[in-house]
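Given next are the chains, with one letter for each unit.
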Amino acid sequence: MSEDARLVAWVRGRVQGVGFRWFTRAKALEIGGLSGFALNLADGRVQVVAEGSRERCDGLLDWLEDGDTPGRVDGVTEIWDTPRGGYDGFAIR
């Protein structure tokens, strides 16, 4: 369960203009060991990319789906892949 993974998640709901990306970054830093970013998309969703151990990525996904997030999350779609690297910490884009 400690293998490295890449999580790409698209979060639907009222997730823009409510500090969602900032709180996502803060949660990723709290979990620790994650790199990636949170990005507002033109269609109103937020895209979250996180790389790190599968266990830590799962922790972030659980928070995105059921955590005390700002705004309102109506659903999360995710895909898993192998890490690509190239991220310096966890950024807000």
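Because the structure is a prediction, the values reported are computed rather than measured. (Residues numbered from 1 in each chain as written. Predicted model: local features only at pLDDT ≥ 70, side-chain atom pairs only at ≥ 80, totals over all residues. Heavy atoms only, no water.)

Novice: What is the right way to look at the side chain of glutamine 47 in this model?
Specialist: On the secondary structure map, glutamine 47 appears in strand β3 (residues 46–53). Residues contacting glutamine 47, with those up to four places away along its chain left out, are Val8, Ala9, Trp10, Phe37, Ala38, Leu39 and Leu41. (Helix = DSSP H or I, 4+ residues; strand = E, 2+ residues; numbered from the N terminus. Contact = heavy atoms within 4.5 Å.)

Novice: Sorry, what's going on with a negative patch on the surface here?
Specialist: On the surface, Asp62, Glu65, Asp66 and Glu78 cluster together to form a negatively charged patch. With 3 residues, helix α2 (residues 54–66) is the largest single contributor of residues to the negative patch. Structurally, aspartate 62 can be placed in helix α2. Residue aspartate 62 is classed as partly exposed on the basis of its relative accessible area, which comes to 45%. (Patch = residues over 30% accessible without salt bridge, like charges linked within 9 Å, V, L, I, M, F, W, Y side chains within 5 Å. Areas by Shrake-Rupley, 256 points an atom, 1.4 Å probe, with all protein chains shown as cover. Salt bridge = Lys/Arg side-chain N within 4 Å of Asp/Glu carboxyl O. Lys, Arg positive; Asp, Glu negative; His and termini not counted. Charge placed at Lys NZ, Arg CZ, Asp CG, Glu CD. Buried < 20%, exposed > 50% of the residue type's maximum accessible area, 1.4 Å probe, protein only.)

Novice: I'm lost on the packing of helix α1 (residues 20–31) against α2 in this one. Help?
Specialist: Between two packed helices, the angle of one axis relative to the other and the distance separating the axes together describe the packing. For the pair α1 and α2, interaxial distance at closest approach is 10 Å and the crossing angle is 145°. For the element pair α1 and α2, the recorded crossing hand is right-handed. Side by side, α1 and α2 meet where Phe20, Phe23, Thr24, Lys27, Ala28 and Ile31 of the first sit next to Arg56, Gly59, Leu60, Trp63 and Leu64 of the second. Considered class by class, the residues forming the contact of α1 with α2 number 7 nonpolar, 2 polar and 2 charged. (Axes fitted to C-alpha atoms, helices over the stretch in contact; angles between N-to-C directions. Left-handed = near helix turned anticlockwise from the far one by under 90°. Nonpolar A, V, L, I, M, F, W, Y, C, P; charged D, E, K, R; others polar.)

Novice: Would you mind showing me how to read the UniProt feature "active site" (unreviewed entry) in the chain here?
Specialist: Under the UniProt annotation, the feature "active site" (unreviewed entry) is placed at Arg21 and Asn40. A maximum C-alpha distance of 7.8 Å among these annotated residues, which run over 20 residues, shows that they cluster at one spot. Within the fold, arginine 21 resides in helix α1. The class for arginine 21 is partly exposed, based on a relative accessible area of 24%. (UniProt positions renumbered as here; feature names shortened; annotations may be inferred.)

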